[in-house]
Amino acid sequence: MLLLFTGSIDGTSNLLIRELGHHVFRFNFDLYKDYKLEFTPDYWEISNPAGHRINSNTVTSALWWKPFNFYLVDEEPFIVEEVKYIFRELYHWCRLKGLAKGNSPDFHHRMGKMNILNIASRYFKTPNTLITLGLAGTYHLANNAIVAKSLTSGLTTTNKALFTTAVEVDTLHPDFPWFLQEKIVSDADITIFLCGNKQFAFSRSRANLKGLDWRKEINFDVNQKEWFLFELTDAQSQSVQAFAHALEVDWGRLDLMRFDDELVFLEFNANGQWVFLDYSEEIELVKTVTNYLFNQS
């Protein structure tokens, strides 16, 4: 049985539940009070109000799917941290048993964007990139048009996010930590979803983008297709495979741009969304993912 660490209002989890039925146990972080849990060094068991159960003997795989994107409203901060600890510890119990699928919640904290870019540069063209405090080292980006991006994808106190934004160095405040990158002019965004030994590449035209970041203009209309299958060359596919091997991953999403028929690597999202690539289920991504979660080819 799959143990799915998630939250109560998540479309991806809903699709997995629809596909897997009682072969999955959904553990919703924001509804933790609805569950009964016993956890000892030798055994654990969770049950939900419907009487569905999973334990250390029946679990066969585990997937961490953004549970901490959900909030415990009006809860004491101490309690929030205690519940988070339980979720992390239970996930890592599964990881230590070799049952965890996908990537761990601390993947990017361990790796970081610059280390990933360094690895990617062995297999792809990469843009000039700088993390700076006090605007030190901006000479690395001299003569480049540049963009500012977010390292964490975190929100400000007013719930605003920093999307990819064109900036001028002389307008940046030196008291702010900046993640700066050479601006890539491209006709298309490319994203490649890794799922086990499979690669699913998609392309999205930039022709009608109002800004630089497609995420800011993503269309959630399931009837309007924005991403189309993109055929990688053998060399590109081999580069993707080598990159994944070097990073020791078999799950996640590579974001790239196409420039002069060459792929320019931007970043790797260890637990990136993937359902939007196949809303119509034309290529059965959901089924591919469920097979991966149960070690089926």
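Structure: see above.
A brief structural summary. In this text, all values refer to a predicted model and were calculated from it rather than measured experimentally.

1. Side note on helix H5 (residues 234–247)
Here H5 is 14 residues long and its end C-alpha atoms lie 20 Å apart, about the 20 Å a rise of 1.5 Å per residue gives. Among the residues making up H5, those that are buried are Gln-236, Ser-239, Val-240, Phe-243, Ala-244 and Leu-247. Taken down its axis, H5 places every buried residue within 130 degrees of arc, on the same side. Across from the buried face of H5, at angles greater than 90 degrees, the exposed residues are Asp-234, Gln-238, Gln-241 and His-245. Where the residues of H5 are buried, they touch helix H3 (107–111), helix H4 (113–120), strand S12 (188–195), strand S13 (198–205), strand S15 (251–259) and strand S16 (262–269).

2. Thoughts on the packing of H4 against H5
A packed helix pair is summarised by two numbers, namely the angle formed by the two axes and the spacing between the axes. Between H4 and H5, the shortest axis-to-axis distance is 10 Å and the interhelical angle comes to 135 degrees. The orientation of H4 with respect to H5, classified from their angle, is oblique. For H4 against H5, the interelement crossing comes out right-handed. Between H4, through Ile-116, Ile-119 and Ala-120, and H5, the contact on the second element is made entirely by Phe-243, Ala-246 and Leu-247. A per-class count over the contact of H4 with H5 returns six nonpolar, no polar and no charged.

3. Observations concerning the sheet that holds strand S4 (residues 44–47)
Read from one edge to the other, the open sheet built from three strands follows the order S3-S4-S5, with strand pairing classed as antiparallel. Of all strands in the sheet, those bounded by a partner on one side alone are strand S3 (36–39) and strand S5 (53–55). In this sheet, adjacent strand axes meet at a mean angle of 10 degrees when their direction is disregarded. Relative to S5, S4 runs antiparallel, the two sharing three bridges. Residue pairing across strands places Ser-47 opposite Arg-53, the latter belonging to S5.

4. Here we look at helix H2 (residues 77–96)
Each α-helix turn comprises 3.6 residues. Residues three or four places apart therefore point the same way. A rise of 1.5 Å per residue sets the reference length of H2, with its 20 residues, at 28 Å; its end C-alpha atoms lie 28 Å apart and thus fit the reference within 8%. Those residues of H2 lying buried are Val-80, Val-83, Lys-84, Phe-87, Leu-90, Tyr-91, Trp-93 and Cys-94. Turning to H2, the residues buried within the fold contact strand S1 (2–6), strand S2 (24–28), S3, S4, strand S6 (61–64) and strand S7 (100–101). Gly-98 sits one or two positions beyond H2 and adopts a positive phi of about 75 degrees.

5. Section: the packing of aromatic side chains
Using the criterion set out here, one finds 24 aromatic pairs in the structure. Plain terms: the ring middles of Trp-64 and Phe-68 are 5.0 Å apart, the flat faces sit at 90 degrees to each other, and that makes the pair edge-to-face. Classification of Phe-68 by relative accessible area gives partly exposed; the value is 22%. One aromatic cluster in this structure is built from Phe-5, Phe-25, Phe-27, Phe-29, Tyr-35, Trp-64, Phe-68, Phe-87 and Tyr-91.

6. Remarks on empty space enclosed by the protein
Counted by the stated rule, this structure contains one cavity of 30 Å³ or more. If you add up the space inside the largest cavity, you get close to 40 Å³. If you trace the largest cavity, you find it lined by Lys-113, Leu-117, Lys-149, Phe-179, Gln-181, Leu-266 and Glu-267. Of all the elements in the fold, those that place two or more residues in the lining of the largest cavity are H4, strand S11 (178–182) and S16. A breakdown of the residues in the lining of the largest cavity according to their chemical character gives three nonpolar, one polar and three charged.

Parameters and conventions
- Residues numbered from 1 in each chain as written.
- Predicted model: local features only at pLDDT ≥ 70, side-chain atom pairs only at ≥ 80, totals over all residues.
- Heavy atoms only, no water.
- Helix = DSSP H or I, 4+ residues; strand = E, 2+ residues; numbered from the N terminus.
- Expected span 1.5 Å × (residues − 1).
- Buried < 20%, exposed > 50% of the residue type's maximum accessible area, 1.4 Å probe, protein only.
- Arc of directions from axis to C-beta.
- Contact = heavy atoms within 4.5 Å.
- Axes fitted to C-alpha atoms, helices over the stretch in contact; angles between N-to-C directions.
- Parallel < 35°, antiparallel > 145°, perpendicular 65-115°, else oblique.
- Left-handed = near helix turned anticlockwise from the far one by under 90°.
- Nonpolar A, V, L, I, M, F, W, Y, C, P; charged D, E, K, R; others polar.
- Pairing = 2+ DSSP bridges.
- Phe/Tyr/Trp six-rings, centres within 6.5 Å; stacked < 30°, edge-to-face > 60°.
- 1 Å grid on protein atoms, 1.4 Å probe; cavity = no way out; pocket = protein on both sides within 12 Å on 5 of 7 lines; lining within 4 Å.
- Points joined across faces, edges and corners; volume = space filled by probe spheres on them.

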